[in-house]
Structure formats: structure tokens, C-alpha cells
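Survey of secondary and tertiary structure
Listed below are the residues making up each chain.
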Amino acid sequence: APRPPPHGALLGALAAGGSTASPVVARDLSAACVDDLSALDAEATCLAESLVGGDVTVCAHSSMLSNTPNDSSKDAERVQNLLAAGFGYAYGGGNKQGDGLVALAAQLGSTRSTIGLQSDSFFPPVPADLRRALKKRRGDLRRQLRRATKAGVSCSLRMNTLPIDKVVAALGARHDGALGCWASSKRAVALYEALLEEGKLLVFELWEGESCCALDVAHAAGAGVYVATRCVDRGSHIGSPGFLLAFATCGWLQRQGAACWDLGAVDASRQMAYKRALAPCVDRVRALDAHRRARDSSSA
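In this numbering scheme, every chain counts its residues from 1 along its sequence in written order. Whole-chain, interface and lining totals are the exception, using all residues; otherwise, since this is a predicted model, local features are given only for residues with pLDDT of at least 70 and side-chain atom pairs are given and counted only at 80 or more. Excluded from the side-chain calculation are hydrogens and water; included are all heavy atoms of the structure.

Considering the nonpolar core
Here, the term nonpolar core denotes a set of buried Ala, Val, Leu, Ile, Met, Phe, Trp, Tyr and Cys residues that are joined through side-chain atoms within 4.5 Å. Any residue under 20% of the maximum accessible area for its type is buried, any over 50% is exposed, and the rest in between are partly exposed; the area is computed with a 1.4 Å probe on protein chains only. Membership of the largest hydrophobic core comes to 30 residues, with the highest contact counts inside it found for Leu117, Phe204, Leu253, Trp261 and Leu278. We count a stretch as a helix when DSSP gives it H or I for four or more residues in a row; a strand needs E for two or more, and each element gets its number in order from the N terminus. Within the residue set of this core, elements represented by two or more residues are α5 (128-150), β7 (201-208), β8 (211-221), β9 (224-232), α8 (241-256) and β10 (260-265). Here this core gets seven residues from one element, more than from any other, and that element is α8. Pairs of residues are marked as contacts when any of their non-hydrogen atoms sit within 4.5 Å. In this structure Leu253 touches Leu117, Gln118, Phe204, Val225, Ala258 and Trp261, once residues within four positions along its chain are discounted. Listed in part, the 23 residues of the second largest apolar core include Ile164, Leu191, Val203 and Trp207.

In C-alpha cells:
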């Protein structure tokens, strides 16, 4: 069997596009642990309370997802368990052809970018300064939409209309790096197809006419929605298509009763600026507690 990538290669791939100054803590999770939600809950509690300091905590199990054929359904089950326990995830390793050795990393950031969507939310309220910034941003987006409408450009929010291969191609084109885009690895593609077939993948798409200008790859996680990755077409008629997609998606999710919109781990790097501009930065202990309370009390 092919050997999985070592921690160094895995964590290096995960850090490629993030803040190199952010400390990363590696810790193995057994396959048995990832198959058991209660064990994952205990692991998340241990990590959240004992790893003090450091911007990002990454728990990687490098042998759990070797390139074994026809096991994408198991990948899907494990990813759903990780998300239900409050982890984020990413794939590490691989190459630009998408066929390199790949491992799954469960991420538990020291700070999480997440916003409660309901009035009785367990999540902390939006700070006053961010609330003012979001109000201003909403006004800017309305003006951009009016200008687009006058120019004969119509915008729409859609979900799961693009084929997975086109979703992956868009992600790869936007996030192309030395090792390619982790989301375009063959294992990630198989995972997305398995989740889509089970009705557990939510690809939110912003369209200008018949052209998709922004998309979020997301999952139902507990009682909320976790955004795994996103991409934006910089040539859009809308000045801020990524922000418009975020506002439109949150409005729709709020009406569906979702507890939160979660962008995952956040730090002070430039690449994470959009997260800080959209949602409060919540300490991992408080974020994990809110996630579990919403998950356990929800009938959705």
C-alpha cells in the first residue's frame, strides 16, 4: 500500500496559503476515534482546553485516507463526524494532477469565524463595530446590484446546479499553488460526489446571468453550515461577488432555521481578512460550546 505523506509534507501543504507565522500543532487521530462521534467530542474538548496559545491547531491522521479505491463513502461518513464534533477539515499532500498521496486534516483553530443566524442563538452577538461595518457593506452591495441591474445584468443565488467537475475546476483555477488546490485532489472530488449523492453537500453559487461568479463549498454541520472553501471570479460585474454571496446565503440560511454560518479557523493573515470582515472571531472554547449546544438542542 502507498505510504501516506509525513506530517511535515501534510502540514506544509496545509500552511501554503495561510500565515506562516501561525504555530501548528500536529496530533494523530485514530480511525476508530473518527468513526465515533462521542470520542471526537472528547478529543475536541481536550484540544480546545489544553492547547493554550498558537493561532491554529491541526489534528492530522495521515493513514486514515490512503488512496484506496471505492472508499469515498467512508470518507464522507468520517468528514460528517468531524464536522458534527466541531472540527473543520482539509486535505493535505497531493500534486497538481490530483493523484498524489493525500491525507485528511481535522482543524480546530484557536479562533473561529462564525456568526449566529437566529435571535435565540447560542453564538455570541456580533460586536458593534462589525455590525456597523456589515451595515455599510450591505448598503454598498445594494448599490452594486442596482448598477448591475441598470446594465442589464441579473444576479441569482443557486445551490448545487454546477457539476462537481466544474466546481473543482473553479476552485483549482482560483487556488492554484505549488501543489495544486487540495480541493481538486481526486480524493476530495470523490468525497464531494459521495456527499452530494447523500444530499449533504451544499455548493452555494452566485450567478450573473448564466455565468457563475462566486461559489462556496459548504456542509451541514450540527445545526449550522460550515464553509470548507470558496472562490470568486475577479472579473465579475459586481464589485464584491464574494461578499454578495455571503450575505445572500446567510439570509437564505436564516430563513431555513440554520443556527450559524461558520467559516472555520481564522488568524491575522491577509488571506483571512474576508473572514474577519464577515463574522465575529470567536474563541475556540466558546465556539465549540455554542456549536454543541446548537447541535444537541436542534430538531432540524
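Right, picking up where we left off after that structure.
Thoughts on the packing of aromatic side chains
Any Phe, Tyr or Trp ring, taking Trp's six-membered ring, that has another such ring centre within 6.5 Å forms a pair; planes under 30 degrees apart are called stacked, those over 60 apart edge-to-face, and the others tilted. Summed over all chains, the structure comprises two aromatic pairs. On the basis of an interplanar angle of 45° and a centroid distance of 6.2 Å, the ring pair of Tyr89 and Tyr226 is categorised as tilted. Placement of the pair is Tyr89 in strand β3 (residues 88-93) and Tyr226 in strand β9, with a sequence separation of 137 residues. We note that Tyr89, like Tyr226, is buried. Between Phe204 and Trp252, the ring centres sit 6.1 Å apart and the planes meet at 65°, which makes this aromatic pair edge-to-face. Taken as a pair, Phe204 in strand β7 and Trp252 in helix α8 lie far apart in primary sequence, 48 residues in all. Residue Trp252 is classed as partly exposed on the basis of its relative accessible area of 31%. Lysine NZ or arginine CZ positioned within 6 Å of the ring centre and within 35 degrees of the ring normal marks a charge as sitting over the ring. Above the face of the Phe243 ring, Arg137 is positioned so that its terminal group lies 3.7 Å from the ring centre. One residue, Arg158, lies across the ring of Trp207, its end atom 4.3 Å from the ring centre.

Structural notes on the sheet that holds β10
By this definition, two strands are paired if DSSP reports at least two bridges between them. The sheet built from seven strands is open, its strands ordered β6-β7-β8-β9-β10-β5-β11 with mixed pairing. Looking at the sheet topology across the chains shown, the edges are occupied by β6 (155-159) and β11 (281-283). Across the sheet, the mean angle from the axis of one strand to that of its neighbour is 35°, orientation sign disregarded. Across eight bridges, β8 lies against β9 in antiparallel orientation. Axis lines are fitted through C-alpha atoms, for helices just across the contact stretch, and the angle between N-to-C directions can take any value from 0 to 180 degrees.

Brief notes about the confidence of the model for the protein
Of all residues in the protein, 73% have pLDDT values of 70 or greater, and the mean over the chain is 78. A low-confidence stretch, residues 1-22 stays under pLDDT 50, and its non-local contacts, those more than four residues away or across chains, total 36 contacts. pLDDT gives the predictor's per-residue confidence on a scale running from 0 to 100.

Points about the pattern of salt bridges
Any carboxyl oxygen of Asp or Glu within 4 Å of a side-chain nitrogen of Lys or Arg constitutes a salt bridge here. Going through the model one piece at a time under the given rule, you end up with 10 salt bridges. One salt bridge in this structure joins Asp289 and Arg293, with 3.6 Å as the shortest N-O distance. In this pair, Asp289 and Arg293 both sit in helix α10 (residues 284-297), four residues apart, roughly one turn of the helix. Judged by relative accessible area, Asp289 falls into the partly exposed class, the value being 40%. Its relative accessible area of 43% is what places Arg293 among the partly exposed residues. Two residues, Arg295 and Asp296, come together in a salt bridge whose shortest N-O distance is 2.9 Å.

A closer look at the packing of α5 against α8
Two elements in contact, α5 and α8, have axes separated by 10 Å at closest approach and are oriented at 110°. With respect to their mutual orientation, α5 and α8 come out roughly perpendicular. Contacts from Leu134, Arg137, Arg138, Leu141 and Leu145 in α5 reach Phe243, Leu244 and Phe247 in α8. Of the residues in the contact of α5 with α8, the class split is six nonpolar, no polar and two charged. An angle below 35 degrees is read as roughly parallel, one above 145 as roughly antiparallel, one from 65 to 115 as roughly perpendicular, and any other as oblique. Charged residues are taken to be Asp, Glu, Lys and Arg, nonpolar residues to be Ala, Val, Leu, Ile, Met, Phe, Trp, Tyr, Cys and Pro, and polar residues to be all remaining types, Gly included.

Re the side chain of His219
Tracing the chain through its elements places His219 in strand β8. Overall, His219 belongs to the buried group, its relative accessible area being 0%. Looking at His219, its side chain comes within polar contact range of the side chain of Tyr89, at 2.7 Å. In contact with His219, other than residues within four places in its own chain, are Gln80, Leu83, Tyr89, Tyr192, Leu195, Lys200, Leu201, Leu202, Gly224, Val225, Tyr226 and Ala228. Here a polar contact is recorded for every N or O atom pair within 3.5 Å, except that within protein the pair must consist of a potential hydrogen donor and a potential acceptor, and residues adjacent in sequence are included only if both atoms are side-chain atoms.

Here's the deal with unusual backbone geometry
Positioned with a positive phi, Asn160 is a non-glycine residue whose angle comes to about 60°. Take Asn160: it is sitting in the loop between β6 and α6 (164-174). Given a relative accessible area of 30%, Asn160 falls into the partly exposed group.

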